[in-house]
There are 2 protein chains.
Amino acid sequence: MDTLFSHITAVTMDEAMHVYFDCFVGVTDGKIAYLSKTPPKEKPRKIINGEGMVLMPGLINCHTHLPMSLLRGYADDYDLSTWLNDYIFPREDRLDGRAVKAATLLSIAECLRFGVTSVSDMYNFCDEIAQAVAESGIKANIARGITLFTDESEDFDFEAYLPCQELQALKEKWDGYDGGRIRVEASVHGEYTSNYRLWDALGEYALNEHLGMHVHLSETRSEHESCKEKYGLTPAQVLDCHHVFDTHAIAAHCVWLEPEDMALLAKRGVSAVHCPVSNLKLASGCADVTAMIKAGMNVALGTDGSASNNNLDLFEEMKAAALMAKGKTGDPTAMPATAPLMMATVCGARAQRREKECGMIKLGMDADLIMLDFTSPHLMPCHNVISQLVYAASGHDVIMTMVRGKILYAAGKYLTIDLDSVVRELAQYAMPRVFTDDKKVPEQEQA
Amino acid sequence: MDTLFSHITAVTMDEAMHVYFDCFVGVTDGKIAYLSKTPPKEKPRKIINGEGMVLMPGLINCHTHLPMSLLRGYADDYDLSTWLNDYIFPREDRLDGRAVKAATLLSIAECLRFGVTSVSDMYNFCDEIAQAVAESGIKANIARGITLFTDESEDFDFEAYLPCQELQALKEKWDGYDGGRIRVEASVHGEYTSNYRLWDALGEYALNEHLGMHVHLSETRSEHESCKEKYGLTPAQVLDCHHVFDTHAIAAHCVWLEPEDMALLAKRGVSAVHCPVSNLKLASGCADVTAMIKAGMNVALGTDGSASNNNLDLFEEMKAAALMAKGKTGDPTAMPATAPLMMATVCGARAQRREKECGMIKLGMDADLIMLDFTSPHLMPCHNVISQLVYAASGHDVIMTMVRGKILYAAGKYLTIDLDSVVRELAQYAMPRVFTDDKKVPEQEQA
């Protein structure tokens, strides 16, 4: 046995939602190999004293754009189109792979610090994103978000389209890397940023290559309504007609889904990724998660990018999900604490096609584990561990993050990321490159 | 000069919302005595290196029930009446002063850890609450929440009513303690938990004794509507008729205020205390803060008690306030980051009648200051300090909390509270007393 967590409270997230107090959890060869109320006979190489601590499966962030940490807080409190067109897009145009890698490493450090052990990312410069993921030890499903702004009457040559070539190269180089720690996924960025020529081709490619699909779906009312005007179908319906959901797919946001959409996506096994903080911050609306779950959909959680959140703390997202469901339904019993905790673990694993691999503390599963310190004033007394995790705790309470039995973050230290050099790279290369033409002095400076 | 913060970013919250980078803030005799871009000539007794740090006024939590930390997470996800009648009230009946003091000290430790330097509390056993506040060094306006369930046809003898006697004793002993660090306030718990006999008497007493007034107002729709059926007036209107707002008053929640209520409360100088997290968690609704501010009301922020939040992190409350306003109005430009930051500082100080004393970094004001570490991954890069504080930061980022120039919390250490003995007192006395008849083994235990 490599590592033993002793006398710890284990929130297993297994089918019966077992929570074991004062128990022992052992890790061998990166897998969970021991779970008992009594200590193991064999002597472990390393013992971590779990008194006052809570052990749970690492959280899974199913929709984010890791490199956007570079734009965190750069343009808040604007309307969506001003935010995108006047601020975000012009800056993103100045990105290159080197800047993206630095920003991605910064975001991965944040993920690990907040107890996230696996992410589903959608962006550009995916080779550099994959390099950062590979170095850091975190798990990731990496999607190359693809748009197509040509007229749909024009023929579309998949092989000749650069983003599709990049996806193919990405798949060849990274899909299945390190025993599946990295998975490459296809991505129709959104219905409103492409047309059926891309949908058909990418849907077919993903199915043939056994790649998952990651899309933005019905995030804003205008996007949802324009699609209905244009096609007489909802975004979910039109993408489904064009093979986008023929493969395993996840749909981010799903704020404006209609009952028929929910039934359709449930039938097609499409997972929704709920991003309550981003949806509120951009005033996109509040997804009806309670209805999606009732309709039989698998619902996971995501933070969206740092520019629209503005952090990657999935604990904050869990609390927001529970509060928003209660607020939307007017029912305080709606979405009890267990629900968002499942969304951030087992449902996230399902959305990532990793349900056999992680999302629970269960013998044989990868040791993707996080430990929280429950001895801080805001976590005492502890009447109910689940309530405490969702309503009182924060990603800041995570003191250890482990992926496949390897500790990647512990007590303020990042064991696979040289944060100082990342910060230097951001300051000396990424920031000047992306913001050089921007005013040097931050707007509040008045002294 | 006692303490100098050097090369620090100072978010002053002054009238012009100045943010100074790489500046120097000096503290002498508990007051802010120096603020400049250049270092002072005189040598300070102590220098705190502020590189990478942000200094701002301590946050002010204008509505809480400190002792309720004892009930944190005890009964979540129930409907309001089940939560109150079957869980909260029966436990509160078992409280005594000793249990209340321990729970209050725990909550104050949490406040200090999260950067709160002043609170407005409403509860019972206020002498013990005042003792805890006195020992801890935090500032507090302490209100003895008073209910009256007799029929309003019955005469009411203020002098003979025990809660009113307690209020008088509390005022004699604690009002103005330590140069006004403690202020005692009167409190009509709520319109629905009392009648005009109490309102008239308490309103007159508060006015004569120059005490502030702290009430719950229009928290739930049913409370608001029943009042209108009973009196033909809204809670705000009926309490106003009966002198409750003749003195300086704060009204917690204000979820169901009508436009006339807002105009009335603005005219009477009553501050609203917005508690977005509690209001969502109990599905009470979402207060229309944008409209209140437009109507000219002073709006502060509160966490409510730990049992309905479930923490006292006012940074979380600031973000929730901004997100809820955007969600409610459908306008992402609604309540920009500066607004909740003002609610948690200058507006809170006004609600506490401490606006001449704290809420800003300004020469002559009390040195109620907090320092945040802005070198963590989730706070880099920093394009906009204000956005970062509201949308990306957390109370966990606070590394120092100072009240009147005295450091009460720094880097995990509580300098005025012996947390270990508080935890022992909770485990050995408070918990057994309040929960003895309760099942010993937490419900999730199944091993």
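Residues numbered from 1 in each chain as written. Chains lettered and ligands numbered in written order. Predicted model: local features only at pLDDT ≥ 70, side-chain atom pairs only at ≥ 80, totals over all residues. Heavy atoms only, no water.

**Q** Explain the pattern of salt bridges to me, using residue names and the numbers behind them.
**A** With the rule as written, the count across this model stands at 53 salt bridges over all chains. For the salt bridge of lysine 139 of chain A with aspartate 368 of chain A, the shortest nitrogen-to-oxygen distance reads 2.5 Å. Of this pair, lysine 139 of chain A sits in strand S8 (residues 139–144) while aspartate 368 of chain A sits in the loop between helix H14 (346–351) and strand S14 (369–373), and the two are 229 residues apart along the sequence. Pair check on accessibility: lysine 139 of chain A and aspartate 368 of chain A agree, each one buried. Residue lysine 228 of chain B pairs with glutamate 225 of chain B through a salt bridge whose shortest N-O separation is 4.0 Å. Of this pair, lysine 228 of chain B and glutamate 225 of chain B both sit in helix H7 (residues 221–231), three residues apart, which is roughly one turn of the helix. One continuous salt-bridge network, built from bridges that share partners, spans Lys31, Lys139, Asp178, Arg181, Arg183, Arg354, Glu357, Asp366, Asp368 and Arg404 of chain A. (Salt bridge = Lys/Arg side-chain N within 4 Å of Asp/Glu carboxyl O. Helix = DSSP H or I, 4+ residues; strand = E, 2+ residues; numbered from the N terminus. Buried < 20%, exposed > 50% of the residue type's maximum accessible area, 1.4 Å probe, protein only.)

**Q** Describe the environment of methionine 402 of chain B, naming the residues involved and giving the relevant values.
**A** Residue and element names in this part refer to chain B. As for its placement among the helices and strands, methionine 402 is situated in strand S15 (residues 398–403). Sequence-wise, methionine 402 and lysine 43 are 359 residues apart; in three dimensions their C-alpha atoms are separated by 21 Å. Apart from residues lying up to four places away in sequence, methionine 402 is in contact with Thr3, Phe5, Val27, Thr117, Ala367, Asp368, Leu369, Ile407 and Leu408. (Contact = heavy atoms within 4.5 Å.)

**Q** Talk me through empty space enclosed by the protein; I want residue IDs and the actual numbers.
**A** Scanning the entire structure with this criterion turns up six cavities of 30 Å³ or more. Roughly 370 Å³ of volume is contained in the largest cavity. Among the elements of the structure, helix H10 (276–281) and helix H12 (314–329) of chain A together with helix H10 (276–281), helix H12 (314–329) and helix H15 (385–392) of chain B are those that each provide at least two residues to the lining of the largest cavity. Residue composition of the lining of the largest cavity, grouped by class: 18 nonpolar, six polar and six charged. (1 Å grid on protein atoms, 1.4 Å probe; cavity = no way out; pocket = protein on both sides within 12 Å on 5 of 7 lines; lining within 4 Å. Points joined across faces, edges and corners; volume = space filled by probe spheres on them. Nonpolar A, V, L, I, M, F, W, Y, C, P; charged D, E, K, R; others polar.)

**Q** Just give me the short version of the packing of helix H4 (residues 162–174) of chain B against helix H6 (residues 196–208) of chain B, but keep the residues and values in it.
**A** Residues and elements named next belong to chain B. Running from N to C, H4 and H6 cross one another at 10°; their axes reach a closest spacing of 12 Å. With respect to H6, the axis of H4 lies roughly parallel. Here Cys164, Leu167, Gln168 and Lys171 of H4 lie close against H6, whose contacting residues are Leu198, Leu202 and Tyr205. Looking at the contact of H4 with H6 residue by residue, the classes come out as five nonpolar, one polar and one charged. (Axes fitted to C-alpha atoms, helices over the stretch in contact; angles between N-to-C directions. Parallel < 35°, antiparallel > 145°, perpendicular 65-115°, else oblique.)

**Q** Tell me about H12 of chain B, and name the residues and values.
**A** All names here are of chain B. The end-to-end C-alpha separation of H12 is 22 Å, in line with the 22 Å expected for 16 residues at 1.5 Å each. Counting buried positions along H12 yields 12 of 16 residues, so the element is predominantly enclosed. Every buried residue of H12 is listed here: Leu314, Phe315, Glu317, Met318, Lys319, Ala320, Ala321, Ala322, Leu323, Met324, Ala325 and Lys326. (Expected span 1.5 Å × (residues − 1).)

**Q** So what about the confidence of the model for chain A? Which residues, and what values?
**A** On average, residues of chain A score 96 in pLDDT, and 98% of them are at 70 or above. In the predicted complex, the global pTM is 0.97; the interface-specific ipTM is 0.96. (pLDDT = per-residue confidence, 0-100.)

**Q** How would you sum up the packing of aromatic side chains? Please name residues and give values.
**A** Applying the stated rule across the entire model yields 16 aromatic pairs over all chains. Taking 5.7 Å as the distance between ring centres and 70° as the angle between the ring planes, the aromatic pair formed by tyrosine 74 of chain B and tyrosine 87 of chain B counts as edge-to-face. Linking tyrosine 74 of chain B in the loop between strand S6 (59–64) and helix H1 (80–92) with tyrosine 87 of chain B in helix H1, this pair joins segments that are 13 residues apart in sequence. When its relative accessible area of 22% is taken as the criterion, tyrosine 87 of chain B is described as partly exposed. Look at tyrosine 78 of chain B and tyrosine 87 of chain B: their rings are 4.6 Å apart centre to centre, the planes differ by 20°, and that puts the pair in the stacked class. Exposure remark for tyrosine 78 of chain B: the relative accessible area of 32% places this residue in the partly exposed category. The rings of Tyr74, Tyr78, Tyr87 and Phe435 of chain A are connected pair by pair, giving a single aromatic cluster. Stacked on the ring of tyrosine 429 of chain A, the Lys or Arg arginine 98 of chain A has its end atom at 3.9 Å from the ring centre. Over the face of the ring belonging to tyrosine 391 of chain B we find lysine 281 of chain A, whose NZ or CZ atom lies 4.8 Å from the ring centre. (Phe/Tyr/Trp six-rings, centres within 6.5 Å; stacked < 30°, edge-to-face > 60°. Lys NZ or Arg CZ within 6 Å of the ring centre and 35° of its normal.)

**Q** Would you mind going over the interface of chain B and chain A in detail, with residue names and values included?
**A** Across the contact, 69 residues belong to chain B and 69 residues belong to chain A. Interface area, chain B with chain A, both sides summed: about 5500 Å², of which 62% is carbon and sulfur. Viewed at the interface, chain A and chain B are joined by four salt bridges. In this structure, lysine 326 of chain A and aspartate 77 of chain B form a salt bridge, with 2.7 Å as the shortest nitrogen-oxygen distance. Put simply, chain B and chain A have 24 residue pairs in polar contact (both at pLDDT 80 or more) between them. Residue assignment for the side of chain B that touches chain A shows that the elements contributing at least two residues are strand S2 (19–28), helix H2 (97–113), H10, H12, H15 and helix H16 (419–435) of chain B. The class makeup of the residues in the side of chain B that touches chain A is 37 nonpolar, 18 polar and 14 charged. (Buried area = accessible area lost by both parts, 1.4 Å probe. Polar contact = N/O pair within 3.5 Å; in protein donor to acceptor, adjacent residues only side chain to side chain.)

**Q** Lay out the sheet that holds strand S12 (residues 271–274) of chain A with the relevant residues and their values.
**A** All names here are of chain A. Strand order in this open sheet of eight strands is S6-S7-S8-S9-S10-S11-S12-S13, and the pairing throughout is parallel. Each of the sheet's edge strands pairs with one partner strand only, and the pair in question is strand S6 (59–64) and strand S13 (299–301). Pairs of neighbouring strands in the sheet enclose a mean axial angle of 25°, with direction left out of account. Along the sheet face, helix H3 (residues 126–136) touches strand S7 (116–123), S8 and strand S9 (182–186) and points at about 180° away from the line of S8. (Pairing = 2+ DSSP bridges.)

**Q** Describe the relation of the copies chain B and chain A, naming the residues involved and giving the relevant values.
**A** The second copy of the chain is related to the first by a rotation about an axis and a shift along the axis. Least-squares fitting of chain B to chain A yields an RMSD of 0.0 Å, with the transformation described by 0.0 Å of translation along the axis and a rotation of 180°. Expressed as a symmetry operation, the mapping of one chain copy onto the other fits a two-fold axis. Distance from the rotation axis, computed per C-alpha, reaches its smallest value in chain B at histidine 396 of chain B: 3.2 Å. By residue overlap, the copies meet face to face through one surface: 100% of the interface positions of chain B are interface positions in chain A. (Least-squares fit on C-alpha atoms with pLDDT ≥ 70 in both.)

**Q** For the sheet that holds strand S10 (residues 212–217) of chain B, give the residues involved together with the corresponding values.
**A** Residues and elements named next belong to chain B. What the eight strands build is an open sheet, ordered S6-S7-S8-S9-S10-S11-S12-S13; its pairing is parallel. The open sheet is flanked by S6 and strand S13 (299–301), the only strands paired with a single partner. Each strand of the sheet is rotated relative to its neighbour by a mean of 25°, with strand direction disregarded. Helix-sheet contacts for H4 involve strand S8 (139–144) and strand S9 (182–186), and the interaxial angle to S9 is about 155°.

**Q** I'd like a rundown of the nonpolar core, residues and numbers included.
**A** The nonpolar side chains of a soluble globular protein tend to be buried with one another. Residue and element names in this part refer to chain B. Residues Val11 and Leu389 are the most contacted members of the largest nonpolar core, which totals 123 residues. Considering each element in turn, this core owes the most residues, 10 residues, to H2. For valine 11, the contacting residues outside a window of four places in its chain are His18, Val19, Val54, Leu55, Met56, Pro57, Leu341, Ile361, Val385, Ile386 and Leu389. (Core = buried A, V, L, I, M, F, W, Y, C linked by side-chain atoms within 4.5 Å.)

**Q** Hey, could you go over the side chain of glutamate 110 of chain B for me, with residue numbers and the actual values?
**A** Inspection of the secondary structure assignment puts glutamate 110 of chain B in helix H2. Reaching out from glutamate 110 of chain B, the side chain makes a polar contact with the side chain of arginine 72 of chain B at a distance of 3.0 Å. Contacts of glutamate 110 of chain B, omitting those with residues within four sequence positions, involve Pro377 and His378 of chain A together with Arg72, Ser306, Asn311, Leu312 and Asp313 of chain B.

**Q** Can you break down unusual backbone geometry residue by residue, with the values?
**A** Residue asparagine 310 of chain A is bonded to the preceding asparagine 309 of chain A through a cis peptide linkage, with omega at 5°. Looking at where asparagine 310 of chain A falls in the secondary structure, it is placed in the loop between S13 and H12. In this structure, histidine 210 of chain B takes a positive phi of about 55° despite not being glycine. Here histidine 210 of chain B is to be found in the loop between H6 and S10. Residue histidine 210 of chain B is classed as exposed on the basis of its relative accessible area of 62%.

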